[in-house]
Amino acid sequence: MEPLSAHGLPRLSWIDTLYSNFNYNTDGYEGDGAEDGKSQDGSETLPYIDESPTMSPQLCVPQSPDGEAVSPTPPEGLLPGGGIEKGLEMKKLVLSGFLASEEIYINQLEALLLPMRPLKATATTSQPVLTIQQIKTIFYKIQDISEIHKEFYDALLPNIQQWDEKVTVGHLFQKLASQLGVYKAFVDNYKVALETAEKCSQANIQFQKISENLKVKGPKDSKDCTTTISMEALLYKPIDRVTRSTLVLHDLLKHTPKDHPDFPLLQDALRISQNFLSSINEEIDPRRTAVTTPKGEARQLVKDGFLVEVSESSRKLRHVFLFTDLLLCAKMKKTAVGKHQQYECKWYIPLADLTFQTLDESDSCPTIQVLPEHELEEMKIKISILKNEIQKEKKAPKGQSRVERLRKKMNEQESWLLTHSPSIPFRIHNKHGKSYLFLISSDYERSEWRESIQKLQKKDLQACVLSSVELQVLTSSCFKLRTVHNIPVTSNKDDEESPGLYGFLHVIVHSAKGFQESANLYCTLEVDAYGYFVSKAKTRVFRDTTDPHWNEEFEIEVEGSQYLRILCYEKCYDKSMLNKDDNEIVDKMMGKGKVQLDPQTVQSKNWHLDVIEMNGIKVEFSMKFTSRDLSLKRTPSKKQSGVFGVKINVVTKRERSKVPYIVRQCIEEVEKRGVDEVGIYRISGVATDIQALKAAFDTNTKDILMMLSDMDINAIAGTLKLYFRELPEPLLTDRLYPAFMEGIALSDPAAKENCMMHLLRSLPDPNLMTFLSLLEHLKHSVAEKEPINKMSLHNLATVFGPTLLRPSEAEIAKGQHITTASDIWSHDVMAQVQVLLYYLQHPPISFAELKRNTLYFSTDV
């Protein structure tokens, strides 16, 4: 007869054989408890399966007492085979490990349900421990979840007992995933359940004793049949379970042939699970598991991620782990090939001793080194070119070996960019020791870390000092506890993952509701690219209101973006709050939220209305997307009366001017009040303002000067950029484009000088005069104020280069470069930027001097 599990179900006898023969290394992260094959919550020590979706399951290498690797003898039938057989055995291993953990999970749910029945019985008496409503709230949906998993266990068990290549389990996982609606209801109630349980514990000593001492049955053959665990920890188990199930689905798919009947069912289950997880992952703390402190308390991992630390005046990429009582900063040790990866602790701070450095103390902190923007932009372009090369090599017959080399190179470049791009300081201080400085790319992340730490500090924390052994145990545990497995670079993504959006995202920020008090409110918009987020646009400040209605539209250039973030701030006008780090006023963040950019949703021609909820605030916005292929196409205006989309020589002839009126007026206004604006020409203007100015210039309205003086300066800068982008032919002309590309590539300085000057002389007069006017403006008015506006010559070349100089559609049609407009952009953009940068860095060029000079060669281009 089959042995019974703790909840009366037949136990898998060959799993016991597997555990008795395999001495799996637990890395010691659970201290002495690991020796008897149990974790601190009473669960068996399972074969370690790396839960990273980007890696295949790996068994830990068993070790002898002296630390040398030992080759265990697996049970018969588990010996490594080749091809399909090996895949089946791996699938069987994954399933058996998951089934064993299902038994533990069901025991945990039963332990949670055990006090519910007597509590209900007392609820109707004269001395109730809890009310019926409190019981319903705390134990909401636990019974349903328990029944779902018992049914799943009963169905999966016989399939593994009678395992062969014909066995199918996909339908069971699909059914399990289809019942996630019960989990959604549980998650929606989760915070209320925790709060209710905490309040009831404080109000009733009897319930406090019950909630802190729940008994979980262990496996039938374990030395200690029960383990004590708190109600709070057990209430988190269902949330943790969905994450585990999703990771197991990843592993099952890797070891299931695509023609196996299970494959589409497992794919569907994974899709449902991932969608569910993405919908709840911002609502809960990602506490996947815990280690135990010397006092027996659970030390849970609350948050982890990669941050850039400034250490000894250089940037270091660290993995930072926030536990319930301390913050630990670690780096991955360099290990030999095949060896188990481990972390090395650089430092830790007990949360009881952690403070955030005030502005007055910032003088003593290390100086933040910021690389020139052009170095970062050049690296982005190199990465874009590598991506295109990888795509081409994938299609080549023998390109796979080169793909791996290119991927490695791209990983190095993306890692460099990730390390050198963040510039927002995040300072933390140990009140008994030293201070530490992290650099973060977005205020969003800085706020997340700060809020997570402050939330934990509200509890009654005691300062802890770890012994060297305790610190080693905790650091070792980080490898298994981590929720972020890889640095966020493209080369770490699966090929099946969405590459993101390339082109222009149009966003209208409509309004916000839910503010309790009147304030001066504005929003900023961020999108991700190259593994980190950057701020792309900012609404105007809506003064003294609880109900701001911005209705502002922005056009945001996106490069592989998958998310849009909206951050809402209260504007601070108090000069005493000046931040010494970046010389800017510190504004108060009121809320933040993000939305995934689903290509199918945003790539329609119609606007898509959406809402982001943040801290009780609701921000309403709309968005749509234009691909880069479409945005590169120039469409001449059908009417010749306006200025947008009309040939530049037609406009100057009509106006009897050397430079179009729109160019002169926009430049004049920017020089009057925009050269001190941070990010001028880089920050997007409000699209509705830009469209209003476009209409005014097109109709030659009399109020144009009044409009310019009243309009936001970023809208005026955006209007000038839009004018150049909508010219039916680029300012530097289609005809000369190939020659500019060849000229900038010349190595000899004298030859390059002759060629580049000759090309300018070859431009039509209106084009040349307009280009020289713009050049003078950018060089001597904007770039000279770089310390204030942060716009270097290279930044300006990056903004304007691809607008003034683009391949013609005829050039694209020839197929001389690459296949699509997006590829041509990636391939040529570096050269386009370099062309404009060459002229910006050149000594002053005058129209008369250029036309008079006969030193330049005069062959046809």
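Residues numbered from 1 in each chain as written. Predicted model: local features only at pLDDT ≥ 70, side-chain atom pairs only at ≥ 80, totals over all residues. Heavy atoms only, no water.

(A) Main features of the pattern of salt bridges. Using the criterion set out here, one finds 24 salt bridges in the structure. Between Arg402 and Glu389 there is a salt bridge, and its shortest N-O distance comes to 3.6 Å. Remark: Glu389 occurs in helix 11 (residues 373–395) and Arg402 occurs in helix 12 (residues 400–420); sequence separation between them is 13 residues. Given a relative accessible area of 32%, Arg402 falls into the partly exposed group. You can call Glu389 partly exposed: its relative accessible area is 23%. (Salt bridge = Lys/Arg side-chain N within 4 Å of Asp/Glu carboxyl O. Helix = DSSP H or I, 4+ residues; strand = E, 2+ residues; numbered from the N terminus. Buried < 20%, exposed > 50% of the residue type's maximum accessible area, 1.4 Å probe, protein only.)

(B) Structural context of the packing of aromatic side chains. Under the defined criterion, the tally for this structure stands at 18 aromatic pairs. Look at Phe740 and Tyr839: their rings are 6.5 Å apart centre to centre, the planes differ by 85°, and that puts the pair in the edge-to-face class. With Phe740 in helix 22 (residues 737–744) and Tyr839 in helix 28 (residues 821–841), the pair connects residues that are 99 residues apart, well separated along the chain. Across the pair, exposure class does not vary: Phe740 and Tyr839 are buried alike. Members of the aromatic cluster, connected to one another through ring pairs, are Trp347, Phe356, Phe426, Tyr436 and Phe438. (Phe/Tyr/Trp six-rings, centres within 6.5 Å; stacked < 30°, edge-to-face > 60°.)

(C) View of the confidence of the model for the protein chain. For the protein chain, the average pLDDT comes to 78, and 77% of its residues sit at 70 or higher. Throughout residues 1–82 the model reports pLDDT below 50, and contacts reaching past four residues in sequence, or to other chains, amount to 174 contacts. Overall, residues 282–289 carries pLDDT values under 50, and its contacts beyond four positions in sequence, including any with other chains, amount to 37 contacts. (pLDDT = per-residue confidence, 0-100. Contact = heavy atoms within 4.5 Å.)

(D) Structural view of the pairing of strand 2 (residues 226–229). With burial as the criterion, only one face of strand 2 is covered, namely that bearing Thr227 and Ile229; the residues Thr226 and Thr228 on the opposite face remain uncovered. Where strand 1 (residues 214–217) meets strand 2, four bridges bridge the pair, whose relative direction is antiparallel. For Lys215, the partnering residue across the bridge sits in strand 2 and is Thr228. (Pairing = 2+ DSSP bridges.)

(E) Region of interest: the packing of helix 19 (residues 687–699) against helix 21 (residues 713–725). Relative orientation of the contacting elements helix 19 and helix 21 amounts to 60°, with a least axis distance of 9 Å. Between helix 19 and helix 21, the angle falls in the class oblique. For the element pair helix 19 and helix 21, the recorded crossing hand is right-handed. Across the interface between the two elements, Asp689, Ile690, Gln691, Leu693, Lys694 and Phe697 of helix 19 pack against Ala715, Ile716, Gly718, Thr719 and Leu722 of helix 21. Residue classes in the contact of helix 19 with helix 21 are distributed as six nonpolar, three polar and two charged. (Axes fitted to C-alpha atoms, helices over the stretch in contact; angles between N-to-C directions. Parallel < 35°, antiparallel > 145°, perpendicular 65-115°, else oblique. Left-handed = near helix turned anticlockwise from the far one by under 90°. Nonpolar A, V, L, I, M, F, W, Y, C, P; charged D, E, K, R; others polar.)

(F) Broad picture of the packing of helix 24 (residues 765–782) against helix 26 (residues 793–804). The interhelical angle for the contact between helix 24 and helix 26, taken along N-to-C directions, is 160°, at an axis separation of 11 Å. Put simply, helix 24 runs roughly antiparallel to helix 26. The handedness of the crossing between helix 24 and helix 26 comes out as right-handed. Residues Phe771, Leu774, Leu778, Lys779 and Val782 of helix 24 touch helix 26, and the partners they reach there are Leu793, Leu796, Phe800 and Leu804. The class makeup of the residues in the contact of helix 24 with helix 26 is eight nonpolar, no polar and one charged.

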